[in-house]
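Spelled out, the chains give:
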Amino acid sequence: MTVEIDLINRDPNNLNDHVKVLFEEVLAEPDGAHSMDCVWKNSYKCFECCKGCCYKILTLICGIPLALCWGCEFAFITFWHVWYVTPCMRAYMINCGCLQKFYGTCLSCYLQPLCEAFSYCFSNIKVTNLSG
């Protein structure tokens, strides 16, 4: 199955909204503390060029190996959940269902009659408040 990937919108689920790497989101000069215009403009160019080049070099060197590692990691997580965690949880829920029936039966057979007997014993108690 071949899936076409979107080369324009590479974060369609906004997973990395917290990563702010635009110049305006990283560096900002408040009013009253402005550098010379040529410094600000050249800082912008240096920042963008360096960020772009470094990111491309790092992705070229590390992107495919890391994608391979993360693919294996998520394959392992999926395998673990499909073949171990979910069956364990299902077995646990089945056993809890049996225990719930057992516990409910014990309560209705032993505790309920006992509570009813006590309620009959105490149902005829009358409290009178004498104010003197």
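Residues numbered from 1 in each chain as written. Predicted model: local features only at pLDDT ≥ 70, side-chain atom pairs only at ≥ 80, totals over all residues. Heavy atoms only, no water.

### Quick notes on the pattern of salt bridges
Next up, step 1: All told, the structure shown has one salt bridge when counted by the stated rule.
Next up, step 2: Salt-bridge contacts for K51 lead to E48; the nearest nitrogen and oxygen are separated by 3.4 Å. Residue K51 and its partner E48 are both found in helix α2 (residues 37-122); the two are separated by three residues, about one turn of the helix.
Next up, step 3: Here K51 falls in the partly exposed class, since its relative accessible area comes to 26%. (Salt bridge = Lys/Arg side-chain N within 4 Å of Asp/Glu carboxyl O. Helix = DSSP H or I, 4+ residues; strand = E, 2+ residues; numbered from the N terminus. Buried < 20%, exposed > 50% of the residue type's maximum accessible area, 1.4 Å probe, protein only.)

### Observations concerning the packing of aromatic side chains
Next up, step 1: Enumeration over the complete set of coordinates arrives at seven aromatic pairs.
Next up, step 2: On the basis of an interplanar angle of 15 degrees and a centroid distance of 6.3 Å, the ring pair of F118 and F122 is categorised as stacked. Taken as a pair, F118 and F122 lie in helix α2 at a separation of four residues, close to a single helical turn.
Next up, step 3: For F122, a relative accessible area of 53% translates into the label exposed.
Next up, step 4: Pairwise contacts between aromatic rings join F23, W40, Y44 and F47 into one cluster. (Phe/Tyr/Trp six-rings, centres within 6.5 Å; stacked < 30°, edge-to-face > 60°.)

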